[in-house]
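Structural features, examined
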Amino acid sequence: MRTILPCATGARDHHPGLAGGTVDSGRTTRLEGPAMTAALQSDYPPEGGWTTDDLDALPEDGRRRELLDGVLLMSPSPTRTHQTIAMRLGVALEAECPDEYDVTQGVEVRMSKTRSFIPDVLVTTSAAAAREPSRYEPHEVVLAIEVVSPSTRSIDRVLKPALYAQAGIPYYWRVETEDGALEVITYRIDAVNEVYTETGRWTKFVDTGEPFPINLPITRITPRSR
């Protein structure tokens, strides 16, 4: 996970090449001049923090960008295992999905002007999907699912569920992949306290009625061995 921080106010006046910090694996690096240009290109951190308007102004280059309270998060390219799990899970949910819902992958959920995430898999209302959106509002999302990667453990286990719940998304699933064995942890929102309550840990079948009846063998979403 690469994090691009906004410059402090006035930093550019004193250091024209200063782009802000890049936080990676616990190390902070300052980039200046040509190095900054090569590393960040169009991702130059705005003063005061990133906004969704800044995201909209960036080129369509296929890079995965998320926004956390004005800080730009950029994930490395996902692994084959991650993508296979997300693909198979999306297909499995689609097969069980009733008409009032829709299943898709990797579409932005825009929660505020400075906060925007992209779930690996999500279930939305069919009415929202009918407008063919490039982004969803939180109230249109029924279920957000994250497949945990080594670089996103804390974000997927702690940060994202806290903020998805705060945004009012009713259900959250987390797919753990450590040691090669898959586990799906399911959650339901406590709307009064704006937190998720765990409803199950599934290692053989995901057998839940939320957000719709699902009986999903874990083997169905497990990548083939190589």
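Right above here is the structure, for reference.
Below or above, wherever it landed, is the structure these notes cover.

Scoring rules and cut-offs
Residues numbered from 1 in each chain as written. Predicted model: local features only at pLDDT ≥ 70, side-chain atom pairs only at ≥ 80, totals over all residues. Heavy atoms only, no water. Pairing = 2+ DSSP bridges. Helix = DSSP H or I, 4+ residues; strand = E, 2+ residues; numbered from the N terminus. Axes fitted to C-alpha atoms, helices over the stretch in contact; angles between N-to-C directions. Contact = heavy atoms within 4.5 Å. Buried < 20%, exposed > 50% of the residue type's maximum accessible area, 1.4 Å probe, protein only. Polar contact = N/O pair within 3.5 Å; in protein donor to acceptor, adjacent residues only side chain to side chain. Phe/Tyr/Trp six-rings, centres within 6.5 Å; stacked < 30°, edge-to-face > 60°.

Another aspect to go through is the sheet that holds strand S9 (residues 121–125). Pairing in this open sheet of 6 strands is mixed, and the strands run S6-S9-S11-S12-S13-S14 from one edge to the other. Strand pairing shows two members of the sheet lacking a second neighbour, strand S6 (101–105) and strand S14 (195–202), which therefore form its edges. In this sheet, neighbouring strand axes are inclined to one another by 20 degrees on average, regardless of whether the strands run parallel or antiparallel. Lying on the sheet, helix H6 (residues 153–166) is in contact with strand S11 (141–147), strand S12 (171–176), strand S13 (183–190) and S14; it crosses S12 at an angle near 170 degrees.

Looking now at the pairing of strand S4 (residues 65–68). Burial of the side chains of S4 extends over both faces: Arg65 and Leu67 are buried on one face and Glu66 and Leu68 on the other. Across 4 bridges, the pairing between S4 and strand S5 (residues 71–74) is antiparallel. Of the residues in S5, the one forming a bridge with Leu67 is Leu72. Taking the residues that link successive antiparallel strands as the turn, the S4-S5 hairpin has 2 residues, and the phi of Asp69 there is positive, at about 50 degrees.

On to the environment of Asp69, then. Inspection of the secondary structure assignment puts Asp69 in the loop between S4 and S5. Considered as a pair, Asp69 and Arg115 are 46 residues apart in the sequence and their alpha carbons are 5.3 Å apart. A distance of 2.7 Å separates polar atoms of two side chains, one belonging to Asp69 and the other to Arg115.

Considering all chains together, one arrives at 6 aromatic pairs under this definition. Aromatic pair Phe117 and Tyr164: ring centres 5.9 Å apart, planes at 85 degrees, arrangement edge-to-face. Of this pair, Phe117 sits in strand S8 (residues 115–117) while Tyr164 is found in helix H6, placing the two residues 47 residues apart along the sequence. Judged by its relative accessible area of 0%, Phe117 is buried. Three or more aromatic residues joined by ring pairs make a cluster, and in this case those are Phe117, Tyr164, Tyr172, Tyr187 and Tyr196.

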